[in-house]
Amino acid sequence: MSDLLETPLHDFHVELGAKMVPFAGYAMPVQYPLGVMQEHLHTRAKAGLFDVSHMGQVIVKGADYGAAAAALETLIPVNIAGLGEGRQRYGFFTNERGGIKDDLMLANRGDHVFVVVNAACKVADIAHMKTLDVEVTEVTDRALLALQGPAAEAVLAAMDPRAADMKFLDVTDLTLNGVTCWVSRSGYTGEDGYEISVPAAEAVELAQALLAHEDVEPIGLGARDSLRLEAGLCLYGQDMDDGLNPVEASLAWAIQKVRRTGGARAGGFPGADVILPALENGVDRRRVGLRPEGRAPMRQGVPLFKDETGGEQIGFITSGAYGPSVSAPVAIGIIADGLHEIGTQVYGELRGKRLPVTVAELPFVPAKFKR
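Analysis parameters
- Residues numbered from 1 in each chain as written.
- Predicted model: local features only at pLDDT ≥ 70, side-chain atom pairs only at ≥ 80, totals over all residues.
- Heavy atoms only, no water.
- Axes fitted to C-alpha atoms, helices over the stretch in contact; angles between N-to-C directions.
- Helix = DSSP H or I, 4+ residues; strand = E, 2+ residues; numbered from the N terminus.
- Parallel < 35°, antiparallel > 145°, perpendicular 65-115°, else oblique.
- Left-handed = near helix turned anticlockwise from the far one by under 90°.
- Contact = heavy atoms within 4.5 Å.
- Nonpolar A, V, L, I, M, F, W, Y, C, P; charged D, E, K, R; others polar.
- 1 Å grid on protein atoms, 1.4 Å probe; cavity = no way out; pocket = protein on both sides within 12 Å on 5 of 7 lines; lining within 4 Å.
- Points joined across faces, edges and corners; volume = space filled by probe spheres on them.
- Core = buried A, V, L, I, M, F, W, Y, C linked by side-chain atoms within 4.5 Å.
- Buried < 20%, exposed > 50% of the residue type's maximum accessible area, 1.4 Å probe, protein only.
- Polar contact = N/O pair within 3.5 Å; in protein donor to acceptor, adjacent residues only side chain to side chain.
- Phe/Tyr/Trp six-rings, centres within 6.5 Å; stacked < 30°, edge-to-face > 60°.
- Pairing = 2+ DSSP bridges.

### Overview of the packing of helix H2 (residues 36-45) against helix H7 (residues 221-230)
- Two elements in contact, H2 and H7, have axes whose closest approach is 8 Å; the angle formed by their N-to-C orientations is 50°. Considering their axes alone, H2 and H7 lie oblique with respect to each other. Considering only the axes of H2 and H7, their crossing is right-handed. In contact with Val36, Glu39, His40, Thr43 and Arg44 of H2, H7 contributes Gly222, Ala223, Ser226, Leu227 and Glu230.
- Here the residues of the contact of H2 with H7 sort into 3 nonpolar, 4 polar and 3 charged.

### Looking at the layout of surface pockets
- By volume, the second largest pocket amounts to about 210 Å³.
- Taken together, 14 residues form the lining of the second largest pocket, with Asp225, Ser226, Arg299, Gly320 and Ala321 sitting closest to its centre.
- For the lining of the second largest pocket, the elements supplying multiple residues, two or more each, are H2, H7 and strand S16 (313-323).
- For the lining of the second largest pocket, the class distribution of residues is 5 nonpolar, 6 polar and 3 charged.

### Quick notes on the nonpolar core
- Residues Leu145, Leu147, Leu156, Val183, Ile196 and Leu210 are the most contacted members of the largest nonpolar core, which totals 28 residues.
- Broken down by secondary-structure element, the contributors of at least two residues to this core are strand S3 (47-51), strand S9 (142-148), helix H5 (152-157), strand S10 (171-176), strand S11 (179-184), strand S12 (193-199) and helix H6 (203-211).
- Per element, the largest residue contribution to this core is 5 residues, and it comes from H6.
- Counting 24 residues, the second largest nonpolar core, distinct from the first, contains Tyr90, Val247, Ile255 and Leu279.

### Overview of H7
- Counted residue by residue, H7 has 8 buried out of 10 residues, so it is predominantly covered.
- Along H7, the residues that are buried comprise Leu221, Ala223, Arg224, Ser226, Leu227, Arg228, Leu229 and Glu230.
- In this structure, the buried residues of H7 make contact with strand S1 (19-23), strand S2 (26-31), H2, S3, S16 and strand S17 (328-336).
- With its phi angle positive at about 70°, Gly232 sits one or two positions after the end of H7.

### Remarks on the side chain of Gln57
- Along the chain, the position of Gln57 falls in strand S4 (residues 56-61).
- Of the residues examined, Gln57 reaches a relative accessible area of 1% and is grouped as buried.
- Here Ser197 takes part through its side chain, which lies 2.6 Å from a polar atom of the side chain of Gln57.
- Excluding anything up to four places from it in sequence, Gln57 contacts Phe114, Val115, Thr137, Glu138, Val139, Arg142, Ala143, Leu144 and Ser197.

### Things to note about the packing of aromatic side chains
- Using the criterion set out here, one finds 4 aromatic pairs in the structure.
- Look at Tyr90 and Trp253: their rings are 5.5 Å apart centre to centre, the planes differ by 20°, and that puts the pair in the stacked class. Of the two residues, Tyr90 sits in strand S5 (residues 88-94) while Trp253 sits in the loop between H7 and helix H8 (272-281), which places them 163 residues apart along the sequence.
- Residue class for Trp253 comes out exposed when judged on its relative accessible area of 57%.
- With a centroid separation of 5.4 Å and 80° between ring planes, the pair formed by Phe114 and Trp182 is classed as edge-to-face. Of the two residues, Phe114 is situated in strand S7 (residues 113-117) and Trp182 in strand S11; the sequence distance between them amounts to 68 residues.

### A closer look at the sheet that holds S12
- Ordered by their spatial adjacency, 6 strands build an open sheet running S10-S11-S12-S9-S3-S13, and the pairing between neighbours is mixed. Looking at the sheet topology across the chains shown, the edges are occupied by S10 and strand S13 (216-218). Within this sheet the neighbouring strands show an average axis-to-axis angle of 30°, counted without direction.
- Note that S3 and S13 share 3 bridges and pair parallel.

### Some remarks on unusual backbone geometry
- A cis amide bond links Leu362 to the next residue, Pro363, at an omega of 0°.
- Here Pro363 is to be found in the segment after strand S19 (353-360).
- Its identity is not glycine, yet Asn177 carries a phi of approximately 55°, on the positive side.
- Along the chain, Asn177 turns up in the loop between S10 and S11.
- The exposure class assigned to Asn177 is partly exposed, which follows from its relative accessible area of 37%.
- Positioned with a positive phi, Ser250 is a non-glycine residue whose angle comes to about 55°.

### Examining the sheet that holds strand S6 (residues 100-108)
- With respect to topology, 5 strands assemble into an open sheet ordered S5-S6-S7-S4-S8, the strand pairing being antiparallel. Edge strands, defined here as strands with exactly one partner in the open sheet, are S5 and strand S8 (135-138). On average, each strand axis in the sheet is tilted by 30° relative to the strand beside it, whichever way the strands run.
- Two elements, S5 and S6, share 7 bridges in a ladder whose sense is antiparallel. Considered in S6, the bridge of Phe93 is made with Asp102.

### A look at the pairing of S16
- Here S16 lies mainly inside the structure; 8 of its 11 residues are buried.
- Alignment of strand S15 (residues 303-305) against S16, held across 3 bridges, turns out to be antiparallel. Bridging from a neighbouring strand, Phe305 pairs with Gln313 of S16.
- Bridging between S16 and S17 involves 8 bridges; their strand directions are antiparallel. Its bridge partner lying in S17, Ala321 is registered against Val330.

In structure tokens, the structure reads:
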């Protein structure tokens, strides 16, 4: 893996006994000696520490916050201008066909917008933002950690009591292990928790200090994927891509009224002529939760059919795995509109045999965010 990039915590992962694998151009820990199943369950019960430093951290500056927000709204169909200072919001870049180029998080940091993008897309995303008439700077001297789980608040508040005062999607500076960190109360597991941008030179010491707490264990990509799947959260490149629009991806909730038809700042983003009518008129397919019967998971690519025999394919699974917290297989898929209602039974074709799958409510595990 010598040609892969490394995060500032790479050697620390190796010392902890992590199994390292290629992911989005980086050498990343897929699991530690605890194992994927126990890492998953530990995060749900106590707290897990994730290295997500491979993701892109970007500062977008204009003459003021409003100028930066207005520029980004030409690429992103969400209300960035109306985001309060110290608050964060989910969004996505769209293309001219209405497809999703990448999903991301946006924060109002007073004089700039702080953007976090996916690792696999960050080079393209930063180039995309640099087409705007604002200052776009990739932050390359900071690591990114995520502390997730019901014990996360107590662990972080022991370092800085202000952590306990934060609500879901708040963003502020905290002093952690003596270092000023940019912290949001957010994450990718469905659990309460925090994402922590820390100077790269201080990242290992902060990770060591967090792991010194008896409730915290290091967690790899394997458990990160099963946790986000149980939480019903999308993985870019699987559950959504540049051929799927936000309505098809069941992400219409992320497009606020002000950006929709009739809103004060309606449209003005790539693919608006596709996405705005889809919001009004509906679409032919949708992203849904799925519960395969039995114990065997149905994974990405499994075709879905309306009937047990014959008939045309009506969808496919985009993500699937065994859900340790629900003790059953769970999946996300794209399915024809009209078959997307909760409780509808369809069939997944696995090794030439069609097996029952039920359309299910997302998330599979209730979110535990601190509102």
